[in-house]
Amino acid sequence: MSVWFVTGSSRGLGAEITRVALAAGHQVVATARSAESVSRQFPDAGDALLAVPLDVTDQSQIEAAVNAAVQRFGRIDVLVNNAGSGLLAAVEEADADAIRAVYETNVFGVLAVQRAVLPVLRRQRSGHVINIGAIAGFVSFAGWGVYASTKFAVEGFTEALHAELAPLGVHVTIVEPGFFRTDFLDPSSLATGVHVIDDYAATSGAMRDAVPGINHAQPGDPVKGAKAIVEMAAAAEPPLRLQLGSDTVQAFEAKLAGVKKEMDAWRHVAVTTDHD
(Lines give C-alpha, C1' and ligand atoms only; values in the text may rest on other atoms or scores of the structure.)
Protein backbone atom coordinates (compact mmCIF):
# COMPACT_ATOMS: atom_id res chain seq x y z
CA MET A 1 0.00 0.00 0.00
CA SER A 2 1.35 3.40 -1.02
CA VAL A 3 0.44 6.99 -0.24
CA TRP A 4 -0.48 8.96 -3.37
CA PHE A 5 -0.55 12.76 -3.60
CA VAL A 6 -2.61 13.83 -6.62
CA THR A 7 -3.27 17.37 -7.82
CA GLY A 8 -6.37 18.24 -9.80
CA SER A 9 -8.35 15.36 -8.31
CA SER A 10 -11.88 16.68 -8.59
CA ARG A 11 -12.43 15.77 -12.23
CA GLY A 12 -10.96 14.30 -15.38
CA LEU A 13 -7.86 12.13 -15.30
CA GLY A 14 -6.99 13.24 -11.76
CA ALA A 15 -10.31 11.98 -10.42
CA GLU A 16 -9.90 8.66 -12.22
CA ILE A 17 -6.34 8.21 -10.94
CA THR A 18 -7.64 8.83 -7.41
CA ARG A 19 -10.46 6.35 -7.94
CA VAL A 20 -8.21 3.60 -9.31
CA ALA A 21 -5.57 4.14 -6.62
CA LEU A 22 -8.19 3.89 -3.86
CA ALA A 23 -9.64 0.74 -5.43
CA ALA A 24 -6.15 -0.78 -5.48
CA GLY A 25 -5.87 -0.27 -1.72
CA HIS A 26 -3.70 2.82 -1.70
CA GLN A 27 -4.15 5.87 0.50
CA VAL A 28 -4.67 9.08 -1.46
CA VAL A 29 -4.17 12.73 -0.65
CA ALA A 30 -6.54 14.14 -3.27
CA THR A 31 -6.20 17.85 -3.89
CA ALA A 32 -8.18 20.41 -5.83
CA ARG A 33 -9.13 24.05 -5.51
CA SER A 34 -12.22 22.83 -3.63
CA ALA A 35 -11.68 19.97 -1.16
CA GLU A 36 -15.45 19.56 -0.94
CA SER A 37 -15.66 18.75 -4.64
CA VAL A 38 -13.16 15.95 -4.09
CA SER A 39 -15.02 14.56 -1.09
CA ARG A 40 -18.24 14.46 -3.10
CA GLN A 41 -16.50 12.38 -5.75
CA PHE A 42 -15.47 9.71 -3.26
CA PRO A 43 -18.08 9.49 -0.48
CA ASP A 44 -17.18 5.92 0.47
CA ALA A 45 -13.39 6.27 0.62
CA GLY A 46 -13.24 6.52 4.41
CA ASP A 47 -9.89 7.04 6.09
CA ALA A 48 -7.99 6.11 2.94
CA LEU A 49 -8.78 9.52 1.46
CA LEU A 50 -7.57 12.91 2.60
CA ALA A 51 -9.17 15.70 0.58
CA VAL A 52 -7.17 18.92 0.76
CA PRO A 53 -7.75 22.30 -0.86
CA LEU A 54 -4.92 23.20 -3.19
CA ASP A 55 -4.41 25.88 -5.78
CA VAL A 56 -1.03 24.99 -7.28
CA THR A 57 -0.27 28.67 -7.82
CA ASP A 58 -0.54 29.34 -4.06
CA GLN A 59 2.68 28.49 -2.22
CA SER A 60 1.10 28.57 1.24
CA GLN A 61 -1.58 26.09 0.17
CA ILE A 62 1.05 23.81 -1.34
CA GLU A 63 3.03 23.72 1.89
CA ALA A 64 -0.10 23.18 3.96
CA ALA A 65 -1.24 20.30 1.74
CA VAL A 66 2.12 18.51 1.91
CA ASN A 67 2.30 18.99 5.68
CA ALA A 68 -1.23 17.62 6.04
CA ALA A 69 -0.32 14.58 3.96
CA VAL A 70 2.74 13.74 6.05
CA GLN A 71 0.91 14.39 9.30
CA ARG A 72 -1.95 12.09 8.29
CA PHE A 73 -0.08 9.24 6.59
CA GLY A 74 3.55 9.71 7.65
CA ARG A 75 4.93 9.67 4.12
CA ILE A 76 4.30 10.30 0.43
CA ASP A 77 5.15 7.57 -2.07
CA VAL A 78 3.73 8.78 -5.36
CA LEU A 79 3.31 12.39 -6.44
CA VAL A 80 1.04 12.94 -9.46
CA ASN A 81 1.27 16.46 -10.86
CA ASN A 82 -1.98 16.41 -12.82
CA ALA A 83 -3.50 19.89 -12.36
CA GLY A 84 -3.34 21.92 -15.54
CA SER A 85 -5.12 24.25 -17.90
CA GLY A 86 -5.16 24.87 -21.64
CA LEU A 87 -4.92 27.78 -24.05
CA LEU A 88 -6.16 27.57 -27.63
CA ALA A 89 -4.88 30.42 -29.81
CA ALA A 90 -2.31 31.13 -32.46
CA VAL A 91 0.97 32.08 -30.86
CA GLU A 92 0.58 35.68 -32.04
CA GLU A 93 -3.03 35.81 -30.85
CA ALA A 94 -2.22 34.84 -27.26
CA ASP A 95 -1.91 37.88 -25.02
CA ALA A 96 0.60 38.21 -22.21
CA ASP A 97 -1.90 37.70 -19.39
CA ALA A 98 -3.26 34.47 -20.90
CA ILE A 99 0.25 33.16 -21.47
CA ARG A 100 1.30 33.93 -17.90
CA ALA A 101 -1.83 32.26 -16.52
CA VAL A 102 -1.24 28.95 -18.27
CA TYR A 103 2.45 28.99 -17.32
CA GLU A 104 1.59 29.68 -13.67
CA THR A 105 -0.41 26.45 -13.49
CA ASN A 106 1.29 24.12 -15.97
CA VAL A 107 4.93 25.00 -15.28
CA PHE A 108 5.46 27.03 -12.14
CA GLY A 109 2.70 25.16 -10.27
CA VAL A 110 4.26 21.78 -11.08
CA LEU A 111 7.70 23.01 -10.05
CA ALA A 112 6.35 24.44 -6.79
CA VAL A 113 4.56 21.21 -5.83
CA GLN A 114 7.68 19.22 -6.65
CA ARG A 115 9.85 21.45 -4.49
CA ALA A 116 7.50 20.88 -1.57
CA VAL A 117 7.26 17.10 -1.96
CA LEU A 118 10.79 16.18 -3.01
CA PRO A 119 12.37 16.66 0.44
CA VAL A 120 9.98 13.99 1.71
CA LEU A 121 10.95 11.56 -1.06
CA ARG A 122 14.66 12.25 -0.64
CA ARG A 123 14.48 11.58 3.10
CA GLN A 124 12.73 8.31 2.39
CA ARG A 125 15.19 7.42 -0.39
CA SER A 126 12.12 6.15 -2.25
CA GLY A 127 9.12 7.37 -4.14
CA HIS A 128 7.87 8.21 -7.61
CA VAL A 129 7.19 11.56 -9.27
CA ILE A 130 4.65 11.31 -12.10
CA ASN A 131 4.24 14.48 -14.13
CA ILE A 132 1.28 14.53 -16.48
CA GLY A 133 2.46 15.93 -19.79
CA ALA A 134 0.60 15.70 -23.08
CA ILE A 135 0.85 14.67 -26.69
CA ALA A 136 1.51 18.40 -27.19
CA GLY A 137 4.62 18.14 -25.03
CA PHE A 138 6.36 16.33 -27.86
CA VAL A 139 4.40 17.34 -30.97
CA SER A 140 2.99 20.84 -31.30
CA PHE A 141 -0.01 21.78 -33.40
CA ALA A 142 -1.42 24.99 -34.87
CA GLY A 143 -3.49 26.72 -32.22
CA TRP A 144 -1.75 24.94 -29.34
CA GLY A 145 1.68 26.59 -29.46
CA VAL A 146 1.65 28.30 -26.06
CA TYR A 147 0.02 25.33 -24.31
CA ALA A 148 2.50 22.99 -26.00
CA SER A 149 5.38 25.16 -24.83
CA THR A 150 4.31 24.60 -21.21
CA LYS A 151 4.28 20.85 -21.74
CA PHE A 152 7.62 20.99 -23.58
CA ALA A 153 8.95 22.71 -20.45
CA VAL A 154 7.61 19.89 -18.26
CA GLU A 155 9.32 17.37 -20.55
CA GLY A 156 12.63 19.20 -20.14
CA PHE A 157 12.75 19.48 -16.38
CA THR A 158 11.24 16.03 -15.87
CA GLU A 159 14.00 14.46 -17.92
CA ALA A 160 16.61 16.27 -15.82
CA LEU A 161 14.79 15.36 -12.61
CA HIS A 162 14.92 11.71 -13.64
CA ALA A 163 18.71 11.89 -13.83
CA GLU A 164 19.02 13.83 -10.58
CA LEU A 165 16.79 11.57 -8.47
CA ALA A 166 17.74 8.15 -9.82
CA PRO A 167 20.81 7.85 -7.52
CA LEU A 168 18.53 8.63 -4.56
CA GLY A 169 16.11 5.80 -5.25
CA VAL A 170 13.30 8.04 -6.52
CA HIS A 171 11.64 7.23 -9.85
CA VAL A 172 10.43 9.91 -12.27
CA THR A 173 7.98 9.47 -15.14
CA ILE A 174 6.31 11.85 -17.54
CA VAL A 175 2.97 10.56 -18.81
CA GLU A 176 2.08 11.75 -22.31
CA PRO A 177 -1.66 11.33 -22.91
CA GLY A 178 -3.29 11.98 -26.25
CA PHE A 179 -6.78 13.39 -26.52
CA PHE A 180 -8.76 11.80 -23.68
CA ARG A 181 -12.51 12.09 -23.15
CA THR A 182 -12.40 14.46 -20.20
CA ASP A 183 -13.62 18.03 -19.80
CA PHE A 184 -10.23 19.48 -20.80
CA LEU A 185 -11.77 21.08 -23.89
CA ASP A 186 -14.61 22.62 -21.86
CA PRO A 187 -14.42 26.38 -21.16
CA SER A 188 -13.77 25.56 -17.49
CA SER A 189 -10.36 24.13 -18.44
CA LEU A 190 -9.56 25.63 -21.82
CA ALA A 191 -9.08 29.34 -22.45
CA THR A 192 -9.23 30.68 -26.00
CA GLY A 193 -7.49 33.71 -27.41
CA VAL A 194 -9.61 36.84 -27.38
CA HIS A 195 -7.73 38.45 -30.26
CA VAL A 196 -8.57 36.61 -33.48
CA ILE A 197 -6.35 37.31 -36.50
CA ASP A 198 -7.93 36.47 -39.85
CA ASP A 199 -4.63 35.42 -41.40
CA TYR A 200 -4.66 32.34 -39.14
CA ALA A 201 -8.18 31.24 -40.13
CA ALA A 202 -6.91 28.19 -42.02
CA THR A 203 -4.60 27.02 -39.21
CA SER A 204 -5.32 27.94 -35.61
CA GLY A 205 -8.75 29.20 -36.61
CA ALA A 206 -9.62 25.84 -38.13
CA MET A 207 -8.47 24.14 -34.94
CA ARG A 208 -10.60 26.50 -32.84
CA ASP A 209 -13.63 25.72 -35.00
CA ALA A 210 -13.01 21.97 -34.76
CA VAL A 211 -12.78 21.77 -30.96
CA PRO A 212 -16.53 21.76 -30.22
CA GLY A 213 -16.96 18.72 -32.43
CA ILE A 214 -14.00 16.95 -30.84
CA ASN A 215 -15.04 17.68 -27.26
CA HIS A 216 -16.33 14.59 -25.43
CA ALA A 217 -15.65 12.52 -28.54
CA GLN A 218 -11.92 12.10 -27.94
CA PRO A 219 -10.54 8.58 -28.47
CA GLY A 220 -8.83 8.19 -25.08
CA ASP A 221 -10.62 6.52 -22.17
CA PRO A 222 -9.62 8.23 -18.89
CA VAL A 223 -10.58 5.15 -16.84
CA LYS A 224 -8.19 2.97 -18.85
CA GLY A 225 -5.56 5.73 -18.75
CA ALA A 226 -5.75 5.98 -14.96
CA LYS A 227 -5.49 2.21 -14.63
CA ALA A 228 -2.38 2.19 -16.82
CA ILE A 229 -0.77 4.91 -14.70
CA VAL A 230 -1.46 3.16 -11.39
CA GLU A 231 -0.19 -0.16 -12.76
CA MET A 232 2.93 1.53 -14.19
CA ALA A 233 3.71 3.02 -10.77
CA ALA A 234 3.93 -0.49 -9.34
CA ALA A 235 6.64 -1.55 -11.81
CA ALA A 236 10.11 -2.23 -10.44
CA GLU A 237 11.63 -0.14 -13.26
CA PRO A 238 9.02 2.37 -14.43
CA PRO A 239 9.69 4.24 -17.68
CA LEU A 240 10.86 7.80 -18.00
CA ARG A 241 8.12 8.34 -20.59
CA LEU A 242 4.75 6.65 -20.87
CA GLN A 243 2.64 7.39 -23.93
CA LEU A 244 -1.12 6.88 -23.59
CA GLY A 245 -3.42 6.61 -26.58
CA SER A 246 -2.97 5.41 -30.15
CA ASP A 247 -3.08 9.03 -31.32
CA THR A 248 -0.01 9.80 -29.22
CA VAL A 249 1.88 6.79 -30.54
CA GLN A 250 1.09 7.71 -34.15
CA ALA A 251 2.00 11.37 -33.67
CA PHE A 252 5.26 10.54 -31.90
CA GLU A 253 6.30 8.01 -34.53
CA ALA A 254 5.59 10.52 -37.30
CA LYS A 255 7.61 13.25 -35.59
CA LEU A 256 10.56 10.98 -34.86
CA ALA A 257 10.61 9.86 -38.50
CA GLY A 258 10.35 13.47 -39.68
CA VAL A 259 13.16 14.66 -37.43
CA LYS A 260 15.37 11.80 -38.60
CA LYS A 261 14.63 12.59 -42.26
CA GLU A 262 15.38 16.29 -41.85
CA MET A 263 18.51 15.63 -39.79
CA ASP A 264 19.84 13.29 -42.47
CA ALA A 265 19.09 15.86 -45.18
CA TRP A 266 21.02 18.59 -43.33
CA ARG A 267 23.70 16.47 -41.69
CA HIS A 268 26.29 17.80 -44.14
CA VAL A 269 25.73 21.27 -42.70
CA ALA A 270 25.51 20.21 -39.06
CA VAL A 271 28.88 18.47 -39.04
CA THR A 272 30.71 21.45 -40.56
CA THR A 273 30.22 23.69 -37.51
CA ASP A 274 32.73 22.00 -35.18
CA HIS A 275 36.21 23.39 -34.62
CA ASP A 276 38.79 21.97 -37.02
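Right, let's talk about the sheet that holds strand β4 (residues 78-81) for a bit. One open sheet holds the 7 strands; their spatial order is β3-β2-β1-β4-β6-β7-β9, and the pairing between them is parallel. Since the sheet does not close on itself, it has two edges, and those belong to β3 (49-53) and β9 (241-244), each with one partner. For this sheet, the mean inter-axis angle between neighbouring strands, taken without regard to orientation, is 15°. Looking at chain direction, β4 and strand β6 (residues 127-132) are connected through 4 bridges and run parallel. Bridge assignment links Val78 to a residue of β6, and that residue is His128. Docked against the sheet, helix α1 (residues 12-23) engages β1 (3-6), β2 (27-32), β3, β4, β6 and β7 (170-177), running at close to 170° with respect to β1.

Moving on, we get to the pattern of salt bridges. What the rule picks out here adds up to 11 salt bridges. The salt bridge involving Arg19 is made with Glu16; its shortest N-O contact spans 3.4 Å. Highlighted residues: Arg19 and Glu16, both in helix α1, separated by 3 residues, approximately one helical turn. By relative accessible area, which is 33% here, Arg19 ends up partly exposed. Residue Glu16 is classed as buried on the basis of its relative accessible area, which comes to 16%.

Moving on, we get to the pairing of β4. Going residue by residue along β4, you find Val78 and Val80 tucked away on one face and Leu79 and Asn81 tucked away on the opposite face as well. Where β1 lies against β4, 3 bridges are found, and the strand directions are parallel. Within β4, the residue paired with Trp4 across the bridge is Val78.

On to the packing of helix α3 (residues 59-73) against helix α4 (residues 96-124). As a packed pair, α3 and α4 sit with axes 9 Å apart at the nearest point and diverge in direction by 30°. When the axes of α3 and α4 are compared, the pair comes out roughly parallel. Judged by the twist between their axes, the crossing of α3 over α4 is right-handed. Across from Gln59, Ile62, Val66 and Val70 in α3, the residues of α4 making contact are Ala112, Val113, Arg115, Ala116, Val117 and Val120. For the contact of α3 with α4, the residue count by class is 8 nonpolar, 1 polar and 1 charged.

What follows concerns empty space enclosed by the protein. As enumerated under the stated definition, the model contains 1 cavity of 30 Å³ or more in all. Space inside the largest cavity adds up to approximately 40 Å³. Contributing to the lining of the largest cavity are Asn81, Ala83, Asn106, Val110, Asn131, Ile132, Lys151 and Val154. Listing elements by their share of the lining of the largest cavity, those giving two or more residues are α4, β6 and α5 (145-165).

Residue position: Thr7 is located in the loop between β1 and α1. A polar contact is formed between the side chain of Thr7 and the backbone nitrogen of Ala83, at a distance of 2.9 Å. Apart from residues no more than four positions distant in its own chain, Thr7 is found in contact with Thr31, Leu54, Val56, Val80, Asn81, Asn82, Ala83 and Val113.

With that settled, the discussion passes to the layout of surface pockets. Approximately 180 Å³ is the volume found for the second largest pocket. In terms of lining residues, the second largest pocket is bounded by 13 residues, among which Ser2, Asp77, Val78, His128 and Ala233 are the most central. Every element with two or more residues in the lining of the second largest pocket is listed here: β6 and α7 (222-233). A total of 3 residues in the lining of the second largest pocket trace back to one element, the largest contributor, which is α7. Grouping the amino acids of the lining of the second largest pocket by side-chain chemistry returns 5 nonpolar, 6 polar and 2 charged.

Per the counting criterion, the structure on display carries 3 aromatic pairs. Ring geometry for Tyr103 and Phe108: centres 6.5 Å apart, planes at 45°, overall tilted. Their ring planes at 35° and their centres at 4.4 Å tell us that Phe138 and Phe252 sit as a pair that is tilted. A residue pair is termed long-range when its members are at least 10 positions apart, and Phe138 in the loop between β6 and α5 and Phe252 in helix α8 (residues 246-265) qualify at 114 residues. We classify Phe252 as buried; its relative accessible area is 6%. Its guanidinium or amino end placed over the ring of Phe138, Lys255 lies 5.2 Å from that ring's centre, counting from NZ or CZ.

Cut-offs applied
- Residues numbered from 1 in each chain as written.
- Predicted model: local features only at pLDDT ≥ 70, side-chain atom pairs only at ≥ 80, totals over all residues.
- Heavy atoms only, no water.
- Pairing = 2+ DSSP bridges.
- Helix = DSSP H or I, 4+ residues; strand = E, 2+ residues; numbered from the N terminus.
- Axes fitted to C-alpha atoms, helices over the stretch in contact; angles between N-to-C directions.
- Contact = heavy atoms within 4.5 Å.
- Salt bridge = Lys/Arg side-chain N within 4 Å of Asp/Glu carboxyl O.
- Buried < 20%, exposed > 50% of the residue type's maximum accessible area, 1.4 Å probe, protein only.
- Parallel < 35°, antiparallel > 145°, perpendicular 65-115°, else oblique.
- Left-handed = near helix turned anticlockwise from the far one by under 90°.
- Nonpolar A, V, L, I, M, F, W, Y, C, P; charged D, E, K, R; others polar.
- 1 Å grid on protein atoms, 1.4 Å probe; cavity = no way out; pocket = protein on both sides within 12 Å on 5 of 7 lines; lining within 4 Å.
- Points joined across faces, edges and corners; volume = space filled by probe spheres on them.
- Polar contact = N/O pair within 3.5 Å; in protein donor to acceptor, adjacent residues only side chain to side chain.
- Phe/Tyr/Trp six-rings, centres within 6.5 Å; stacked < 30°, edge-to-face > 60°.
- Lys NZ or Arg CZ within 6 Å of the ring centre and 35° of its normal.

Function cannot be read off these values alone, since they describe shape.
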